[in-house]
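Here are the chains, one letter per residue:
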Amino acid sequence: MVKRQNLPTRAFGAEPGVPDIPALAGWVAAHRGMQADLLTYRLDQSLAPQRPAGITIPCAGGRFYADRILSCLLGITGVSGKKALDEIGVQPGAMIEDAGSITTQQKGAWCAMPAPHALGIVDTYYHDEEEWNDAITGAYRTLLRAQRDAGIAGHVLIGDTATDAECARLTRQNVFFFVPAPDRESLAYLMEYQRQVAVPKNRLDLVFDLANEYDLHQLIILDPDAEAIALALSHLDPDQVMGGGYCTANCEGYWSALVKAAGYTR
């Protein structure tokens, strides 16, 4: 008997646009009494469509969260300059407030943000790559821990590539490095440090090739379809495969479509 089943799904964040004034005014009216700014609104909008869609592991945030991280880092110039001019420190208050907003909306949610290299900060203080990496990843560890203490389940760090320095210093059970379109080198770093990896469906063959060298416990197919799911299940058990999503446009229908696409028959 053919039975239809659904892969569990997880989100890696979203990139909601900047709202027009009526939309923002309506949101503010609905959240009267809440301390909030434009980033708070975008966090809310990145997460809001995921719950009704039935995403198994929801995640607020995205690359847009860079502005909040930069505002919480000491020793860095303004957003336009992005230079390290002094010893890096942290002032996590705003990120702790964000964590409270996220967990009020959805308990067990994760939070996505740019990986350290994706902030684009230029080191003009340490003048030593090892010291700089220690400083910026140490600051990240403090910020992430502050949010987890406030109820965030874990963090997704988004980058255009994966680096050995960041993966070695930041990979934890509750920290997931996410490269939306990894090349072979980045994928090898991800699989070296993580037992879970998320890849587009057109790069599954590359994952299975590298799986001969690295231990893979779970594969997350970004925007899966029936063919990709069948290919993954020909290599892995069903409990080792998930559907994943990272929404960059039209997010209202995106998450529901993702859950529907994660269905398969056996």
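Residues numbered from 1 in each chain as written. Predicted model: local features only at pLDDT ≥ 70, side-chain atom pairs only at ≥ 80, totals over all residues. Heavy atoms only, no water.

Draft legend 1. View of the packing of helix α2 (residues 38-47) against helix α5 (residues 93-105). Across the interface, α2 lies against α5 with an axial gap of 10 Å and an inter-helix angle of 30°. Taken together, the axes of α2 and α5 lie roughly parallel to each other. Crossing of α2 against α5: the hand is right-handed. Contacts from Thr 40, Leu 43, Asp 44 and Leu 47 in α2 reach Asp 98, Ser 101, Ile 102 and Gln 105 in α5. The class makeup of the residues in the contact of α2 with α5 is three nonpolar, three polar and two charged. (Axes fitted to C-alpha atoms, helices over the stretch in contact; angles between N-to-C directions. Helix = DSSP H or I, 4+ residues; strand = E, 2+ residues; numbered from the N terminus. Parallel < 35°, antiparallel > 145°, perpendicular 65-115°, else oblique. Left-handed = near helix turned anticlockwise from the far one by under 90°. Contact = heavy atoms within 4.5 Å. Nonpolar A, V, L, I, M, F, W, Y, C, P; charged D, E, K, R; others polar.)

Draft legend 2. Here's a closer look at the packing of aromatic side chains. With the rule as written, the count across this model stands at six aromatic pairs. Taking the centre distance of 5.2 Å and the plane angle of 35° together, the rings of Phe 12 and Phe 176 count as tilted. You can see Phe 12 sitting in strand β2 (residues 9-14) and its partner Phe 176 sitting in strand β9 (residues 175-178), a full 164 residues away along the chain. No difference in accessibility class separates Phe 12 from Phe 176, as the two residues are buried. Between Tyr 126 and Trp 132 the ring centres are 6.1 Å apart and the planes differ by 50°, which places this aromatic pair in the tilted class. Residue classification places Tyr 126 among the buried positions, given a relative accessible area of 16%. Three or more aromatic residues link up through ring pairs in this structure, and these residues are Phe 12, Phe 176, Phe 178 and Tyr 246. (Phe/Tyr/Trp six-rings, centres within 6.5 Å; stacked < 30°, edge-to-face > 60°. Buried < 20%, exposed > 50% of the residue type's maximum accessible area, 1.4 Å probe, protein only.)

Draft legend 3. Summary view of the sheet that holds strand β12 (residues 241-247). Sheet architecture is open: four strands sit in the order β2-β12-β11-β10, paired in parallel fashion. Each edge of the open sheet carries a strand with a single partner, namely β2 and β10 (196-200). Between one strand and the next, the sheet's axes are offset by a mean angle of 30°, whatever the strand orientation. Alignment of β10 against strand β11 (residues 218-222), held across five bridges, turns out to be parallel. What sits directly across from Val 197, in β11, is Leu 219. (Pairing = 2+ DSSP bridges.)

Draft legend 4. Structural view of helix α11 (residues 251-261). Listing the buried residues of α11 in full gives Cys 251, Tyr 254, Trp 255, Leu 258 and Val 259. Along the long axis of α11, the arc covered by the buried residues comes to 125°, so they all point the same way. Along α11, exposed side chains directed more than 90 degrees from the buried face belong to Glu 252 and Lys 260. Structurally, α11 contributes buried residues whose contacts are with β1 (4-6), β2, α2, α3 (50-53), β12 and β13 (263-265). (Arc of directions from axis to C-beta.)

Draft legend 5. Molecular detail of the pattern of salt bridges. Taken as a whole, this structure holds six salt bridges when the rule is applied. Notably, a salt bridge pairs Asp 134 with Arg 169, separated by 2.8 Å at the nearest N-O pair. Here Asp 134 is found in helix α6 (residues 129-149), whereas its partner Arg 169 is found in helix α7 (residues 164-170), with 35 residues between them in sequence. On the basis of relative accessible area, Asp 134 is assigned to the partly exposed category, the value being 42%. Relative accessible area serves as the criterion here: at 15%, Arg 169 is assigned to the buried category. One salt bridge connects Arg 184 with Glu 213, and the closest N-O pair in it is separated by 4.0 Å. (Salt bridge = Lys/Arg side-chain N within 4 Å of Asp/Glu carboxyl O.)

Draft legend 6. Up close: the pairing of β11. Within β11, five of the five residues are buried, leaving the element largely enclosed by the surrounding structure. Residues Gln 218, Ile 220 and Leu 222 line one face of β11 and the alternating positions Leu 219 and Ile 221 line the opposite face, and both faces are buried. Remark: the β10/helix α9 (residues 204-210)/β11 crossover connection has right-handed handedness. Sheet topology note: the β11/β12 ladder contains four bridges and is parallel. In the strand pairing of β12, Ile 221 is matched with Gly 243. Between the parallel elements β11 and β12, the chain passes through helix α10 (residues 226-233) in a crossover that is right-handed. (Right-handed = clockwise from strand over helix to strand, strands pointing away.)

Draft legend 7. Inspection of the nonpolar core at higher detail. Judged by nonpolar contacts, the single largest core of 61 residues is most densely connected at Ile 69, Leu 73, Ile 88, Met 113, Ile 121, Val 197 and Leu 219. Counting residues per element, this core draws most heavily on α6, at seven residues. Residues within four places of Leu 73 in sequence aside, it is in contact with Ile 88, Gly 89, Val 90, Leu 119, Ile 121, Ile 136, Ala 139 and Leu 143. Ala 53, Ile 55, Tyr 246 and Trp 255 belong to the second largest nonpolar core, which has 23 residues in total. (Core = buried A, V, L, I, M, F, W, Y, C linked by side-chain atoms within 4.5 Å.)

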